[in-house]
Amino acid sequence: MTVVEPKKICEVGGGGLFLPALGDEEQGWNKTMRAMLYLTGLFYLFMAVNIAADYFMSAVEAITSAKVRRLDKETDRWVTRKKWNDTVANLTLLALGSSAPEILLSCIEIAGNEFYSGELGPGTIVGSAAFNLLVIISVCIISIPEGEVRYIKAVAVYHITVIFSLFAYFWLLVMVTIWTPDIITIPEAIITLIMFPILVVISYFADIGKLDFMAFEKSPPGEEGSLDKAAEEKLRLRVGGGDEAAGGPPAPVEIKRAHHRQSVSTHKPQVVHPRVRRASMHLHHGSHHPSNSNLSVTFAADRGALQGHARDIVSVRDDEAQIDKEKGRTRGSLWKDATEPYGARDDGWICEEENGEVIANPHGVVSFRSDNVDVLVRNKPIDQRVQVVRRNGHSGKVTCKYRTESLSAVEGFDYERTEGKLEFADGETAKMLIVRILPKRVMENNDAFQLILEELEGGAQFNPNDDGGEDEALCTFNCINDTEKAKAGFCAKVKEWFDPDNFNYGMAAWIGQIKDSVAIDGEEGEDGEESKPGPTDYIVHVLSVPWKVLFAVISPPPNFCSGWLLFVMALFYIGAVTAVISDLASLFGCCADLEDSVTAITVVALGTSLPDMFASMSSAQADEHADASIVNVTGSNSVNVFLGIGLPWTCAALFWQSKGPTQEWRNKYPTQAREYPDGGFVVEAGTLGFSVLIFCSVALICLTTLRLRRPPLGGA
């Protein structure tokens, strides 16, 4: 029987999902000219998918930054926690955002080929992994300013992602060349897919300290920081000298040793994915949208006692009161006047709640006088004062930044944005901050927002007993509507589900992002100031402005539906553009007489990875640690295989298992038809197996080098 060879995509009668746009008429054009046009179109679409990815990362930021207030069983107090663990967020939503083009390209190729395998998707994943590991890490190392060092903070998580990233590509090699050569069975595909949740779970346990042995070292370089004898004696004299030495109350005999008080800053930096930072810079609204954590803010305020005035009290919500009732506590035991910070004794010293030991720090312990403030709000704005105190020492200058952040309240509608820098002079022990709370409408829901102190410098530390712990200080403002309440019924439910302020804020942000899309921005300098746009900025802006305007118009702001609406829509946009990229890449390769695997490893992998390179380079220069630059590379490489290969190959393996071998399948794969008469999903090793083998060898050398240089250089 004569086997009819399928038409190539660049020949008359051939075609992809969407291209060629002009059909057979376009197929008759000169191939060299067409290759140049397709290559130009590819890079222009890379620009489009990069802009769409910025919107996707903006949605992910809104989702993963959402906070909730929960009861801490150890301290028996309500504290603020993120809904998403940072490591889980980095390996799921954030990894999906940075790897979406590669993953979707692989899925679209399989679906477009009627579940036959292609070379474009797997080749792009391998090429992108090589670019991420070799080029991006090299550029990050080179871009670090001279004399500075970056080390990995979450070493255990890093080692886990390294192990999984190496395993992922070795496993890919095993699947296509060793276990069942050229055939992907259902068990192989499912094992690949389920490695993704296994990676997430193991990394989560490492992040919360359950797998510390995976760090393979006692502490990261530069973290030892214990006090030497002279510093400890000076501290004891400073604290133990009573009023004469420190200007404070007498200290107890036992002094708690703070291992980090010699450092310039006690702020624990949050690991921010490089693409999140980039999206926040390019989409001006990205970092200012409320995260809408959908807190249930229902208060049992004693209005007779408050008499319409703001008063610092320990907030009690209905759900908190119910827990207290179950534990046999009275409400009065929680409603104490907040005249002193948590952990403060009668003599003014702040102690550790766990053991009652004084927190010894000559530069002081910075704390809000109360970390919960209930405010009755009516039809007039309120300038609410909140005091920040510095206890246990007041030596030297201490500074920190402060800013407001939304919980369920909406910035600009429920409160005014407040931010700045707070400075304690030598000997100064108290500062006052003012936050403006805006009026409430009749029947408007209660809301909450927070005032955050962070990036503390000067040797002081935050009160570990406060909400926020040692990393930051949080003061929650519970804005209680003191106007007429909505009557029970449908209208009351609608007002509970739908927040007009959030909708109006979102519409204003939507208009703002459209205006920003036509504005030209310069590069941000080291001082944080934006420079004047140069010729390159103008050229890039002119080329990208059609995509910027298009996505600004069709992309809702991230505060709608807590970011999930934009998440779904941006993912659809990336998928649509990626489908066209798939056709263009195949057309370019066909016209240039290049195999799809070569086009994927070179052109497509480069185009999808370049934005990550620039984002990681900026992150390496700005961040204190290397987690965002290096750990995200190893994590992303793992996710590319487990999702970008595991998901489409599982679907294809299940499809061919259920359908069985067709005559078209036998004609396409005559050799495999003899070896596997029952059919199956065929992935010929060929170029893929060779490229994976080369990558595994080079990756092993690269990662081993990074590990060996850590101890002598003190960093990654």
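One can find the structure itself at the top, above this paragraph.
Reference entry: report on the structure contained in this document. Just so you know, these numbers come straight off a predicted model, no measurement behind them.

Criteria and thresholds
- Residues numbered from 1 in each chain as written.
- Predicted model: local features only at pLDDT ≥ 70, side-chain atom pairs only at ≥ 80, totals over all residues.
- Heavy atoms only, no water.
- Salt bridge = Lys/Arg side-chain N within 4 Å of Asp/Glu carboxyl O.
- Helix = DSSP H or I, 4+ residues; strand = E, 2+ residues; numbered from the N terminus.
- Buried < 20%, exposed > 50% of the residue type's maximum accessible area, 1.4 Å probe, protein only.
- Pairing = 2+ DSSP bridges.
- Axes fitted to C-alpha atoms, helices over the stretch in contact; angles between N-to-C directions.
- Disulfide = S-S within 2.5 Å.
- Patch = residues over 30% accessible without salt bridge, like charges linked within 9 Å, V, L, I, M, F, W, Y side chains within 5 Å.
- Areas by Shrake-Rupley, 256 points an atom, 1.4 Å probe, with all protein chains shown as cover.

## A word on the pattern of salt bridges
- Counted under the stated rule, the structure contains 17 salt bridges.
- Salt-bridge contacts for Lys397 lead to Glu423; the nearest nitrogen and oxygen are separated by 3.8 Å. Of this pair, Lys397 sits in the loop between strand S8 (382-391) and strand S9 (398-406) while Glu423 sits in strand S10 (residues 419-424); the two residues are 26 residues apart in sequence, bridging distant segments of the chain.
- In this structure, Glu411 engages Arg417 in a salt bridge whose closest nitrogen and oxygen atoms are separated by 3.3 Å.
- A residue is classified by how much of its surface remains accessible, and Arg417, at 31% relative accessible area, is partly exposed.

## Quick word on the sheet that holds strand S12 (residues 447-457)
- The strand order across the open sheet built from 5 strands is S7-S14-S12-S9-S10, with neighbouring strands paired in mixed fashion. Of all the strands in the sheet, just strand S7 (372-377) and S10 have a single pairing partner and so form its edges. Neighbour-to-neighbour, the strand axes of this sheet turn through a mean angle of 25°, independent of strand direction.
- Where S7 lies against strand S14 (residues 473-481), 6 bridges are found, and the strand directions are parallel. Note that in S14 the partner of Leu376 across the bridge is Ile480.

## Considering the environment of Glu26
- Among the structural elements, Glu26 can be located in helix H1 (residues 24-27).
- Overall, Glu26 belongs to the buried group, its relative accessible area being 7%.
- Taking the C-alpha atoms as reference points, Glu26 and Val12, 14 residues apart in sequence, are found 8.6 Å from one another.

## A few points about the state of the cysteines
- Applying the stated criterion across every chain yields a total of 1 disulfide.
- Each sulfur in the disulfide pair Cys10 and Cys590 lies 1.8 Å from the other. Taking the sign of the S-S torsion, about -50° here, the bridge from Cys10 to Cys590 comes out left-handed. Separated by 580 residues along the polypeptide, Cys10 in the segment before H1 and Cys590 in helix H16 (residues 564-591) bring together distant segments of the chain.

## Some points on a nonpolar patch on the surface
- A surface patch of nonpolar side chains, amounting to about 390 Å² of accessible area, comprises Leu134, Val135, Phe690, Ile694 and Val698.
- Those elements that provide at least two residues to the nonpolar patch are helix H5 (120-143) and helix H22 (686-713).
- The element best represented in the nonpolar patch is H22, accounting for 3 residues.
- Overall, Leu134 belongs to the partly exposed group, its relative accessible area being 32%.

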